[in-house]
Amino acid sequence: MRKVYLSFICFFLLLSIAACSTGSNGNSGSQEGAVADKLVTLRVAWWGGQLRHDYTMKVIELYEKENPNINIEAEFSNWDDYWKNLAPMAAANQLPDIIQMDTAYLPQYGKKGLLEDLTKYIDNGTINVGFIDENKISGGKIGGELYGFNLGSNVLSVITNDEMIKSAGVKLDDTTWTWKDFENVAVAVQKSTGEYGTNGMNPPDVFFPYYLRTQGERFYKEDGTGLAYSDDKLFADYFKKQLRLVDAKAFPTPDVQSQVKGLEDDFIVNGKAAMTWNWSNQYLGFAQLTDSSLSIKLPPEQEGKSALFLKPSMYFSIPKSSEQKEEAAEFIDFFVNNIEANKLLKGERGVPVSSKVIRAIKPGLTEDEIKIFDYVEKVSKNISKADAHDPLGSGEVMKALKAVSEQILFKEISPEEGARKFRKQAEEILGRN
């Protein structure tokens, strides 16, 4: 009987050893293995054009191949539809596990308690920041909590169709050109080609603040309680420039501009404009969608005031409502640190934040892709501090600015009336802070 009992004990021990061995070699059998074997579905949402969609899907396929227990459901749309869809999901506590987040909306979602603080995933090593500068991470922080992880660095740029500008008989020196030069180039192109000289510089909440920076001013107060600039003449002058271009048919009216839903529709892609104001990462999409020769140039009057700044292109955030936060953090780590993934992304969401990734992928980039990396590197030598995060209520301010700018460009109100109207609305909204 004792022999039988000892035999049973030995058999049990052999089974235990075999199980432990399987756990060590096959990454299963232990608590860690149980997590690895768990089938997990992650919902990942982003906005963008077809190019971003294609690149992101390739990265998702690579991730699923390397992590067979992960299934990723992609939720993709253009900018306008993205935020329209996200709001009701937030209200219903049904946000995707990973959401692409913009600087303008990060405070709104973060301060309402909808987003997870990602600091813990850096501290426990899930997201590796060994080759990422702290300045590139801090842009996603609000009140000491990291609500968004930066996916790339961007800089404002003017993308040009060199053939159209050359045919207009004008020269464009982007290191020294002024706002007046910008107007002259746009009008000359229209007279020469019959097409727009520039796109509609939409949304105004991006380009009007840049204009203010070239004048040594800022858009929001640092504490978010009001507008920082006090002279409404700056507002009026900015829109008078645009009205002159509208009158010269060198600038599209808002109804025409509203037809542009993605990169595929942009005027420069279709040969309908010689210049388009956009973020540097957008250059690649434009270059790949047209046979025309395009360049990426500095905006007017950037040098004297160091008006440009490095902007986090966008973030990945994890909602508090997600039940797969650890797995979501692992995907973010893969997205920013995996070299093969970034060879697929090609800096489409901005120049990668990891210095190791930049060194690894740059030799394999195309000429157009290298232009973006070189542009961001060049601008980095003459930049100023980025503005603080957009304050609470900035979404309402954006809508107000857009509405007023349309009224001005349709000549329903004067630029001076628009300046007063916008200030009243913006100060009322921001005054709640």
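Residues numbered from 1 in each chain as written. Predicted model: local features only at pLDDT ≥ 70, side-chain atom pairs only at ≥ 80, totals over all residues. Heavy atoms only, no water.

**A short note on the overall build of the protein chain**
Secondary structure assignment for the protein chain yields 19 helices and 12 strands. Summarising its shape, the C-alpha atoms of the protein chain cover approximately 105 × 50 × 35 Å along the three principal directions. The buried share among the 433 residues of the protein chain stands at 52%. Taking all contacts inside the protein chain whose residues are at least 6 apart in sequence as the whole, residues at least 24 apart take part in 75%. Accessible surface, the protein chain: about 20100 Å² in total, of which carbon and sulfur atoms supply 51%. Across the protein chain, 50 positive and 61 negative side-chain charges occur, with their mean positions spaced 2 Å apart. (Helix = DSSP H or I, 4+ residues; strand = E, 2+ residues; numbered from the N terminus. Buried < 20%, exposed > 50% of the residue type's maximum accessible area, 1.4 Å probe, protein only. Contact = heavy atoms within 4.5 Å. Areas by Shrake-Rupley, 256 points an atom, 1.4 Å probe, with all protein chains shown as cover. Lys, Arg positive; Asp, Glu negative; His and termini not counted. Charge placed at Lys NZ, Arg CZ, Asp CG, Glu CD.)

**Let's talk about the nonpolar core**
Of all hydrophobic cores here, the largest spans 127 residues; its most connected members are Phe149, Phe219, Phe235, Phe331 and Phe422. Dropping the residues within four chain positions of it, phenylalanine 331 is found in contact with Leu42, Val44, Ile60, Tyr63, Ile72, Ile98 and Phe316. (Core = buried A, V, L, I, M, F, W, Y, C linked by side-chain atoms within 4.5 Å.)

**With respect to the sheet that holds strand E1 (residues 40–47)**
One open sheet accounts for five strands, arranged E2-E1-E3-E12-E6; its pairing is mixed. Sheet topology places strand E2 (70–77) and strand E6 (149–150) at the edges, where each strand pairs with a single neighbour. Pairing of E1 with strand E3 (residues 98–101), which is carried by two bridges, proceeds in the parallel orientation. Counterpart to alanine 45 in the pairing with E3 is isoleucine 99. With respect to the sheet, helix H4 (residues 79–91) is in contact with E1, E2 and E3, its orientation differing from that of E1 by roughly 135°. Lying on the sheet, helix H14 (residues 325–337) is in contact with E1, E2, E3, E6 and strand E12 (315–317); it crosses E1 at an angle near 50°. (Pairing = 2+ DSSP bridges. Axes fitted to C-alpha atoms, helices over the stretch in contact; angles between N-to-C directions.)

**Re the packing of helix H3 (residues 50–66) against H14**
It is at 11 Å that the axes of H3 and H14 come closest, and there the two elements cross at 120°. On the basis of the axis angle, H3 is oblique to H14. Between H3 and H14 lies a crossing whose hand is right-handed. Where H3 approaches H14, its residues Thr56, Val59, Ile60, Leu62, Tyr63 and Glu66 are matched on the opposing element by Glu327, Glu330, Phe331, Phe334 and Phe335. A class-by-class count of the residues in the contact of H3 with H14 yields seven nonpolar, one polar and three charged. (Parallel < 35°, antiparallel > 145°, perpendicular 65-115°, else oblique. Left-handed = near helix turned anticlockwise from the far one by under 90°. Nonpolar A, V, L, I, M, F, W, Y, C, P; charged D, E, K, R; others polar.)

**Quick word on H3**
An α-helix turns once per 3.6 residues; consequently, residues spaced three or four apart project the same way. Here H3 spans 25 Å end to end across 17 residues, near enough to the 24 Å set by a 1.5 Å rise per residue. Among the residues of H3, Leu51, Arg52, His53, Tyr55, Thr56, Val59, Ile60, Leu62 and Tyr63 are the ones counted as buried. (Expected span 1.5 Å × (residues − 1).)

**A word on the environment of leucine 114**
Structurally, the position occupied by leucine 114 is in the loop between helix H5 (106–111) and helix H6 (119–123). Considered as a pair, leucine 114 and asparagine 270 are 156 residues apart in the sequence and their alpha carbons are 40 Å apart. Here leucine 114 is in contact with Ala90, Tyr109, Pro319 and Lys320, once residues within four sequence places are set aside.

**Brief notes about the environment of aspartate 237**
In this fold, aspartate 237 is placed in helix H11 (residues 232–247). As a C-alpha pair, aspartate 237 and phenylalanine 251 span 14 residues in sequence and 16 Å in three-dimensional space. In this structure the side chain of aspartate 237 is engaged in a polar contact, spanning 2.7 Å, whose partner is the side chain of lysine 233. (Polar contact = N/O pair within 3.5 Å; in protein donor to acceptor, adjacent residues only side chain to side chain.)

**So, helix H10 (residues 204–214)**
Counting buried residues in H10 gives 11 out of 11 residues, a clear majority hidden from the surface. Taken residue by residue, H10 has Pro204, Asp205, Val206, Phe207, Phe208, Pro209, Tyr210, Tyr211, Leu212, Arg213 and Thr214 as its buried positions. Contact partners of the buried residues in H10: strand E8 (156–161), helix H9 (179–193), H11, strand E9 (275–279) and helix H18 (394–409). In the stretch just after H10, glycine 216 is the one whose phi turns positive, near 80°.

**Details of the pattern of salt bridges**
Across all of its chains, the model carries 23 salt bridges by this definition. In this structure, aspartate 368 and lysine 371 form a salt bridge, with 4.0 Å as the shortest nitrogen-oxygen distance. You can see aspartate 368 and its partner lysine 371 sitting in helix H17 (residues 367–379), three residues apart, about one turn around the helix. Look at aspartate 368 and you get partly exposed, because its relative accessible area is 24%. (Salt bridge = Lys/Arg side-chain N within 4 Å of Asp/Glu carboxyl O.)

**Describing the confidence of the model for the protein chain**
Do not read the predicted coordinates in detail wherever pLDDT is low. Of all residues in the protein chain, 91% have pLDDT values of 70 or greater, and the mean over the chain is 89. Within the model, the stretch residues 1–35 combines pLDDT values under 50 with 11 contacts to residues more than four positions away or in other chains. (pLDDT = per-residue confidence, 0-100.)

**Structural notes on unusual backbone geometry**
Going from asparagine 202 to proline 203, the amide bond is cis rather than trans, its omega being 10°. Examined against the element boundaries, proline 203 turns out to sit in the loop between H9 and H10. The phi angle at asparagine 93 is positive, at roughly 60°, despite the residue not being glycine. Tracing the sequence through the fold places asparagine 93 in the loop between H4 and E3. Residues other than glycine seldom take positive phi values, yet lysine 249 does so here, at roughly 60°. Note that lysine 249 resides in the loop between H11 and helix H12 (254–257).

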